[in-house]
Amino acid sequence: MASVPYDKEAILKSLREKIRRAAAKGIAEEDVWSKHDIPSIPAERVVRHRYNPETRQFTKDETIVKIEKKPFTHGAMRHCFRMKKLATPPQSATNHRFHSYGWSRASNYVAKCYMRRGKIDTSQNGID
């Protein structure tokens, strides 16, 4: 079976145009959580625990978040909070520009925490 010739430049041009359109759309879209005014909440430096199912281990790293103080919903086992997280935390713990830097464009997340007897479970069961 003979290979089909292709125009590498035309493919790259098309790909660049698709990326440009997607980026423009992302920039133009309004933050769906803007009505909750999360950028006005003070930023917090937190320790994030991430589980890797392949290694069956938790890893820890620091990041900067803004998280609502009251849950917006809950289920039988967990409270859910709206949260924004910056991609990379500032180098210095004394750098206070992160309180206002780019929070309206920061990624939206739902933070969940377990409940025990209707209150937030602050134990570290299952983390260490």
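The text that follows walks through the structure, step by step, so that each part is easy to find.

### Digging into the nonpolar core
- By size, the foremost hydrophobic cluster in this structure holds six residues: V65, I67, F81, M83, A111 and C113.
- Elements with a minimum of two residues in this core: β2 (57-67), β4 (78-85) and β5 (107-116).
- With residues near it in sequence (within four places) discarded, I67 still touches I41, E44, F81, R82, M83 and A111.
- Counting residues in each nonpolar core, the second largest holds five residues, with I64, L86, W103 and A106 among its members.

### Thoughts on the packing of aromatic side chains
- Evaluated as defined, the whole model comprises one aromatic pair.
- Ring geometry for Y51 and F58: centres 5.0 Å apart, planes at 55 degrees, overall tilted.
- Classification of F58 as partly exposed rests on a relative accessible area of 33%.

### Overview of the pattern of salt bridges
- In the structure shown here, the tally under the stated rule is seven salt bridges.
- In this structure, E17 engages R21 in a salt bridge whose closest nitrogen and oxygen atoms are separated by 3.8 Å. Highlighted residues: E17 and R21, both in helix α1 (residues 8-28), separated by four residues, approximately one helical turn.
- Taking the relative accessible area as the measure of exposure, E17 reaches 32% and is therefore partly exposed.
- Using a relative accessible area of 49% as the deciding quantity, one classes R21 as partly exposed.
- Residue E68 is joined to R82 by a salt bridge in which the shortest nitrogen-to-oxygen separation is 3.1 Å. Pair noted here: E68 is in the loop between β2 and β3 (73-74) and R82 is in strand β4, with a separation of 14 residues, a long-range link. Both residues of the pair, E68 and R82, belong to the buried class.

Conventions we followed
- Residues numbered from 1 in each chain as written.
- Predicted model: local features only at pLDDT ≥ 70, side-chain atom pairs only at ≥ 80, totals over all residues.
- Heavy atoms only, no water.
- Core = buried A, V, L, I, M, F, W, Y, C linked by side-chain atoms within 4.5 Å.
- Buried < 20%, exposed > 50% of the residue type's maximum accessible area, 1.4 Å probe, protein only.
- Helix = DSSP H or I, 4+ residues; strand = E, 2+ residues; numbered from the N terminus.
- Contact = heavy atoms within 4.5 Å.
- Phe/Tyr/Trp six-rings, centres within 6.5 Å; stacked < 30°, edge-to-face > 60°.
- Salt bridge = Lys/Arg side-chain N within 4 Å of Asp/Glu carboxyl O.

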